Each structure stands twice: as C-alpha cells, then as structure tokens.
Amino acid sequence: MKLNTLLKTAVFAAAAALSLPQTAAAWTPEEPILLRIGFGAGGETDTMGRVLAATIERQTGWDVVVENRPGGGGVAMLSALVAEDPDGLVLGMAVNIPPLMALSQRPDSVPFTLDSFDYIGTVTVAETALIAGSEAAFSSIGELVEFARTEGSAKIAWDAPDAKAILQKIGQKEGVSFRMVKAESGAEMNKLLLGGQVDAAFGTGAHLPFVEEGQMKTIASLSDKRLSSAPDVPTLIESGHDFFIAPYFYIAAPGGLPAEVKTALADAMDKAVADDAVQTVVQNAVSAPALNLGAEGTRKMMHDSLAPVGALFDQ
Amino acid sequence: MVPFDVILAGLAGTFTPVVLLYVLAGVVIGQFVGAVPGIGPVMAIAIAIPFTFVMDPLVGISFLVGIGKGGLVGGAVPAVLINTPGTPDAAATAFDGFPLARQGKPMKAMRMALYSSVTGDTASDIILITVSAPLAIVALKLGPVEILFLLLFAFTVIVCLVGGTIARGGVALFLGLLLATIGLDPEYATPRLIFGQTELYDGVPLEAIALGILVLPEVLRRLAQGSGLSRPAIEIPADQPAADRRISWREYWSCRFAMLRGASIGTVLGALPGIGSTAAAFIAYAATRASAKDPESFGKGNIQGIAAAESANSAVVGANLIPLLTLGIPGSVGAALLIGAFKIHGIQPGPLLFDQQAELIYGLFGAMIAANFMNFWVGQAGMRLWSTVVKAPELVIFTLALLLCITGVYLGAGGMFGLYTMLACTLLGLLLSALGISVIVFIIAFFLGSRFETTLSQSYSLTGGSLQELANYPVALALLVLNLAFIALFTRNRHRRALPD
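Rules used in this analysis
- Residues numbered from 1 in each chain as written.
- Chains lettered and ligands numbered in written order.
- Predicted model: local features only at pLDDT ≥ 70, side-chain atom pairs only at ≥ 80, totals over all residues.
- UniProt positions renumbered as here; feature names shortened; annotations may be inferred.
- Pairing = 2+ DSSP bridges.
- Helix = DSSP H or I, 4+ residues; strand = E, 2+ residues; numbered from the N terminus.
- Axes fitted to C-alpha atoms, helices over the stretch in contact; angles between N-to-C directions.
- Contact = placed C-beta atoms within 7 Å.
- Core = buried A, V, L, I, M, F, W, Y, C linked by C-beta atoms within 7 Å.
- Buried ≥ 20, exposed ≤ 12 C-beta atoms within 10 Å, placed from the backbone.
- Domains from an automatic or database assignment.
- Nonpolar A, V, L, I, M, F, W, Y, C, P; charged D, E, K, R; others polar.

Identification of chain B as Putative tricarboxylic transport membrane protein from Tritonibacter scottomollicae is taken from an unreviewed UniProt entry.

Per an unreviewed UniProt entry, chain A is named Tripartite-type tricarboxylate transporter receptor subunit TctC, and its organism is Tritonibacter scottomollicae. UniProt annotates chain A under Sequence similarities (unreviewed entry) with the comment "Belongs to the UPF0065 (bug) family."

Asker: Where do I start with the sheet that holds strand β5 (residues 129–133) of chain A in this structure?
Answerer: The strands making up a sheet associate through backbone hydrogen bonding, with each pair oriented either parallel or antiparallel. Strand order in the open sheet made by the five strands is β7-β6-β8-β5-β9 (chain A), with mixed pairing throughout. Unpaired on one side and paired on the other, β7 (178–182) and β9 (216–221) of chain A mark the two borders of the sheet. With direction set aside, neighbouring strand axes in the sheet form an average angle of 30 degrees. Pairing geometry for β5(A) and strand β8 (residues 200–203) of chain A, over four bridges, is antiparallel. Bridge pairing in β8(A) links Leu130(A) to Phe202(A). Together, β5, β6 (154–158), β7, β8 and β9 of chain A form the strand contacts of helix α7 (residues 186–194) of chain A, whose direction differs from that of β8(A) by roughly 150 degrees. Sheet contacts for helix α19 (residues 439–462) of chain B: β6 and β7 of chain A; angle to β7(A), the most-contacted strand, approximately 170 degrees.

Asker: Explain the nonpolar core to me, please; I cannot follow it from the model alone.
Answerer: Proteins that are soluble and globular tend to have nonpolar side chains buried together. If you look at the biggest cluster of nonpolar residues, it comprises 273 residues, and the most contacted ones within it are Ile156(A), Val80(B) and Phe282(B). Looking at this core, you find at least three residues from each of domain 1 (24–125 + 247–313) and domain 2 (129–221) of chain A.

Asker: I'm lost on the environment of Ala206(A) in this one. Help?
Answerer: Along the chain, Ala206(A) turns up in the loop between β8 and α8 (208–213). Each C-alpha atom, one on Ala206(A) and one on Ser287(A), is 8.4 Å from the other, the two residues being 81 residues apart in sequence.

Asker: Hey, could you run me through the pairing of strand β3 (residues 90–95) of chain A in this one?
Answerer: The side chains of a regular strand alternate between the sheet's two faces. Residues and elements named next belong to chain A. Burial analysis of β3 places five of its six residues in the buried class, which makes it a mostly covered element. In terms of strand pairing, strand β1 (residues 33–37) meets β3 through four bridges, oriented parallel. Among the inter-strand pairings, Ile 37 is bridged to a residue of β3, identified as Met 93. Both β3 and strand β10 (residues 248–254) contribute to a ladder of four bridges, which runs antiparallel. Residue Ala 94 lies in a different strand from β10, and its bridge partner there is Tyr 250.

Asker: Before we go on, may I ask you to explain the sheet that holds strand β4 (residues 117–125) of chain A in this structure?
Answerer: All names here are of chain A. Read from one edge of the open sheet, five strands run β2-β1-β3-β10-β4, paired in mixed fashion. Of all strands in the sheet, those with a lone pairing partner are β2 (64–68) and β4, marking the two edges. Neighbour to neighbour, the strand axes of the sheet diverge by 25 degrees on average, direction disregarded. As paired elements, β4 and β10 share seven bridges and run antiparallel to each other. The partner of Thr 122 across the bridge, within β10, is Tyr 250.

Asker: Looking at this model, I keep getting lost on the interface of chain A and chain B. Mind explaining?
Answerer: Interfaces are often sized by the accessible area lost when the parts come together. Between chain A and chain B, the contact holds 41 residues from the first and 40 residues from the second. Going through the elements one at a time, α2 (44–60), α3 (75–81), β7, α7, α8 and α10 (276–286) of chain A are the ones with two or more residues in the side of chain A that touches chain B. Of the residues forming the side of chain A that touches chain B, the biggest block, six residues, is contributed by α7(A). For the side of chain A that touches chain B, the per-class residue count stands at 17 nonpolar, 13 polar and 11 charged.

Asker: Would you explain the domain arrangement of chain A in this entry?
Answerer: All names here are of chain A. We note that the domain assignment places domain 1 (24–125 + 247–313) and domain 2 (129–221) within chain A. Taking only C-alpha atoms, the centre of domain 1 and the centre of domain 2 are 31 Å apart. With seven residues of domain 1 in contact, the opposing surface of domain 2 contributes nine residues. Broken down by secondary-structure element, the contributors of at least two residues to the side of domain 1 that touches domain 2 are α4 (97–105) and α11 (294–313). A per-element tally of the side of domain 1 that touches domain 2 places α11 first, with three residues. Here the side of domain 1 that touches domain 2 is composed, by residue class, of six nonpolar, one polar and no charged.

Asker: Is there a simple way to think about unusual backbone geometry in this case?
Answerer: Excluding glycine, residues mostly have negative phi values, and the peptide bonds linking residues are mostly trans. Even without a glycine there, the phi angle at Ser287(A) is positive, about 55 degrees. Mapped onto the elements of the fold, Ser287(A) is located in the loop between α10 and α11. The backbone of Asn83(B) shows a phi angle near 65 degrees, a positive value even though the residue is not glycine. Structurally, Asn83(B) can be placed in the loop between α4 (57–82) and α5 (91–102). On the neighbour-count criterion, Asn83(B) (22 C-beta atoms within 10 Å) is buried.

Structure follows, in structure tokens:
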C-alpha cells in the first residue's frame, strides 16, 4: 500500500518534471495542420508559405499540409477561414493590404472583421520603391510632379491599388495629372518602363537588377522607412507627402483559439521565421528580410493599419 | 558577348548524369500529366517548384523546363486518340489527329504530332539561343496599345477561320469575353458577376473551363453512345500496313511549310507576353488550312493540320523564355512559375542574367536541347503504351478520364468549388455545341479575355481616353488596317466561294 502510494507519487512527480519545461508549448496537434495560402501555387506567397511549412515540420515534427486558396488577394481564403473551428488545425497565410482594403472600402461584402481572427505572426514586410528609367528627367517625387506639370501629364504603371492611390493623392494635392496605367505584375511594370510606354512605375524587387545594370533608378521609398536596397533615397514622408505602404505577409487562425494552442503555434512560427532556410527564401522572394512581429505585434499591426489604408481610398 | 569557354562550361554542366536524369524525369512526368486529362503540366510545375528549392539551380530549372516540354508532347496524345485534349494547347491537334486515329491510324497521327512538336520546339529553341536579345527588344517596344490591336486581330482571325459563320463566331467571342469579366475588375477591384461567391474573385478557374468545355462534353458523349458494348475506343486493323503506322520522310517533308508556318507563328506569339500557345495553335492551323490547295481535306485527318498545330504550340514554349530570360517578363502561366523557381534560388531573370549567370543559362539551353531529344525518344516509347491503353474498352477509358478530370480540377481549382464550376462549364459546353456555337472560339476568347481587358484599360489610361492620341501609335494603326483588310478579304472570298452554290 505504502509502496504503491510512493510509486504513484514518483510517477506523478516524474511526469510533472518531464512536462514542466514544455508547459509553454503543451499543445501538439493530433492531426495535420492545414496551412491555406491565399494565392495560387508557384507565386511568392506560395513559395514562402511552403518553405515555412516545411521548416515547421522539420523543427517540431508536426505535419503541416499546404493548400492554395487563391482569390481576391487572400480575401476569398480569409472568408472561408472564419468559418473553421478554432482548434489550431487550420491556418491561413495572406497579405494585409487586400483584407484591410476590403474592410475599409466595402465591409458589408466580407464575412469577417479584424477581430474574427487570432494572429500568429508575420513572415516579412515587402518594400515598395517608386522607380523611373535612368534617363528620366526627374530623380525625386518633387521633380516628377514638376515633370507632369510641364508635360501635361506623367504616365505611371501600378500593380497594387494602395500604391496607385498614394500617387493619385499626391497628384490631386499638387494639381497635376498622373495617368495611372494598371499592370498585372512587377515584371509587367518593368516592361512598360523599359519599353518607354510609361514614365515611372513601382518596384517591389523585380526592378533591382535593372537598377544595378543602370537602366532604372529609384526615386522614392513608399515604405515608412528608407529601402534596404536604396538607403540614400528619401521616403515620401521625408519629401512632405504623409503616405506609406507596408504590405505584411502574415499568418492567421480562426478567432477564439485556446491560449495554449495559440502560444504553441506562435512559438513554432517564431522559430521557423528565424531559420536560415526561411530567411533565405524570403529575401530571395521579396528582396526584403524576414520579420516576425509575433502574435500580439501582428494583431496590433492589423488594427493600426486599418485607418491609414482606409484614408488612402477616401475620395 | 558571353565568352566561348563559359558557354562550353555551361553546356558541360548539362551533360552530367544528375542534370540529364532530372531532365528525363521531367520529360516523363510532363508527357504523363500532359497525356492524362486532369492535372496538366502547369499544375505539375507548380507542385514541383517548392521541391526544387533544395536542388542545384540548373538541376531544378532543367527539371521544370522538362515537365513543360514533355507536357506539350503528351497533351497531343489524348487529343488524337480520344478527341479530348490533355492540355488546351492540343485542342487544335484533335481537329485532324482524331479523324486520322478513327480511320485506324492512331500511330501515324501520334507520330506526326510528336515529330512536328519536336521540330517546332527545336526551331524556337534555336531562335531563343541565337537571337533572343534583339527579339526581346522588339517585344519591349510593343506596348499595351499595340498588344490591344494585336489581340483584336487575333480575335478576327479566329472568329473568321474557326467560328463557322462570322455571326456565330462573334457570339462565341462575346460569350467568352463575358465569362472572362467574372471576378474583380483590374482597375478598381470591384467584384463583378460573382453572386456572392468569394471564390470567384480571381475569375472562373482556367482548369475548370478547359476540362469542362474541352474534355468532359466529349467524355460524356462517348459514354452515352457506349450503349454497354465493350468495344475498344479505337479499332486498329490487325494486319495494318506499315505506311499507316509510320510517317515517311516524304510525308514529313511535305509538311515543311506547315511546320515552318507553325513554328514562326508560335515563336512570334510566344515572345509576346500573354497570348499563349492555345491561340498560337489555332491561328497556325487556320492559316495552314486557308493557304492549302485542298482546304476541304482538313478536319478529316490531314497530317498538315496536325503539323501546323503541334509545331506552333510547342514553339511557344521556347519563345516564352525569350522575354523571361532577357527581361524577367513571363509570357505565360508556366513561364511565370519558372520566374518563381529562379527567384527562390536568388536569381532574378533579367538583363544581368546573361552576365551573372551565363554558365547557368547555357546549361539551361543545353538542357532544353537534351529535353527535345528525350521528348522524341520518350514520345516514341510512350506512343506504344498509349496505343495499348486505348485498346481497352471505351467504357473503361472514358470512365477513367472522368475520374481524372474530377481529381485534377479538385486539386488545381480550389476543391469542390472547382468541381462544381467544371460541371457548370460542361453544361455550358454542351449547350454551346448544341447551338452550333464554336466552343473553341469561346475558350480562346476566355483565355485572352483578361489580357484583352487589361490592355484595353491600359490603352485608355495611356491615351487619356482620347482617340486622337492613337496617332502616336503607328504600329497599332497598321495592325488595325491589316485587321480591316483581313475582314474585307475574308467576306469577299466567302461570297465568291458561296456563288457556285
């Protein structure tokens, strides 16, 4: 009897001791985790998401299955994600601008709010540059405005609606006409710029070889800080135009995750983003370093970005 | 200019067992997924890309290029054998390939498709390797306004030559373009015609349309006609003379103009982003039929038709790499995926590529040529396999095709949503066929629709909406004149031809 009690106590103590260091990550998924990517296979988000998933598998031993759910820049994926059970087994990867735009522009058309999700972390924030051909007569946003004034208009290729909105705001404020030409990708913006069909465009990485080659130049940073690729070029904010864009790639789960699940997922994500494989693939895919804001940081970033993104599209 | 020793070093890089093995694996996978309806080479490339992250860049990219090249050869197989193109590119191949197979000569039809595919592919690879830089500069000068008028010209050609009558072709064109407007509009991201379905934000998935329109109606039709008899999908006479199985040098040589025309059209359209191999195949087919002495023999098993379509769609693939390697601009979905593959290795396709990565590029060129040879040999071997498969009872073949389509669309087009879309497209396809409206014109209009809308909105922005500013675009105006001349000539000829009746 006594022995039995002793044994029981010992077993219990051993179990407690073994489990102690793990209390922070007590949860482990019993089924594969599904990571839904809000973009098609083979793109930048897909590539980063798949390497992230593989890294989490390697580091934790969990199964992470990747699935593509393209549509509306991730809005379609998020719309379906809110309906899933908050058990940590279904996650989504998206870019913040499209859902923020949808929530500020047409909140009734999407079945979620920012609080419908629990945020796990971010993978990176892309940098956006305003670029022109190296022969262009202007080298700053101020000179571009003057160029548009003397020529009657300036043609600018865009592929992200927030970048377009910023230039339109600047054009309105300065009283000049920017002809905004929609492109389907960074590569197409390069084509339009190199072919001489437009005067300026935006660059999110695909333009860098052309800058290095001397065929293009960077004339402004649209990020809230200077670009890692062109540290001498001022931001729009420094030039007196109080606008910036910060496209964060982030991971979210349906809202209401149990605390230990959320902690376990956030820890796994933090370790994976710090891994060399993820760092390399992020740098290669978006020409910017990997960056994880953490669970709370990501939630705060989403809430803080809603008003500025909305302001861009106010008429 | 790249030093000669670097070119040699690059080519030497190709001829290592690892690279050759992966090219071979790519070609085999490509031919297989191309030949089996459902998955398709583009999907296979997308699935394979993350795996190439751990490979050496040359190995990984050669592997993906191998899949793409194999897919084009494979796509022709079911087009010829059972009238269901494995990839949309091969839809034009079915026009003459299937009638020839039905005459009991499936080997002959598959051989012609293989030979002309490899010929067109090799021709465009040689153009890519030798003169890609100047061609890329020409492509660069063709801006949105010029592309808009080029697309209009392509629409005219396809409506007139493939659409039956101009009115019916026009209806098909309009319906295809209408379907392409479903989803977010490119300019303001306003949802259009989605009826609350957020899955439709990016439009109707291509896979669902391609399978639903081009493959399933034929599968259902054949299943319905099967009437429970276990007869093979294709009857091949037991004592078939060799001439009905082979393509003689004389027959091959008689198709030289068709292949030259196909390869030229494919190369030019491939170098211009966004037009794609399906349209190239149909334009080449239509051009060859229009210039033939015996146009009425087309559609009844004329090898010239197979040669034109296959050489054109294969030539697009090599030419797609011209803007990709020199400017970093993808010419197709497959090419856009390849850019992703380059980028995960930290290589940005563009002007510096030939300077910084010359060895890799010449290694890739070597791998492309090697892939063409392998395509030829694997194709020869595969043909025997497929001609055996197709001897299986029709019911088995078409039931399997149905299952594969369902699996493929589930994988590629977002789960059950993709499946429902495919079934809806099948009904639409059957309805259009019943009304005598060309599904081919419809699907090409759909494929080109978003490009058309984008170039239209780009042209509108560039010119500030003023028609006078079009005067600044002489090439576009020349294309417009050519377009009108084509319509005039076509209606007059049709009138004249109609007179004896």
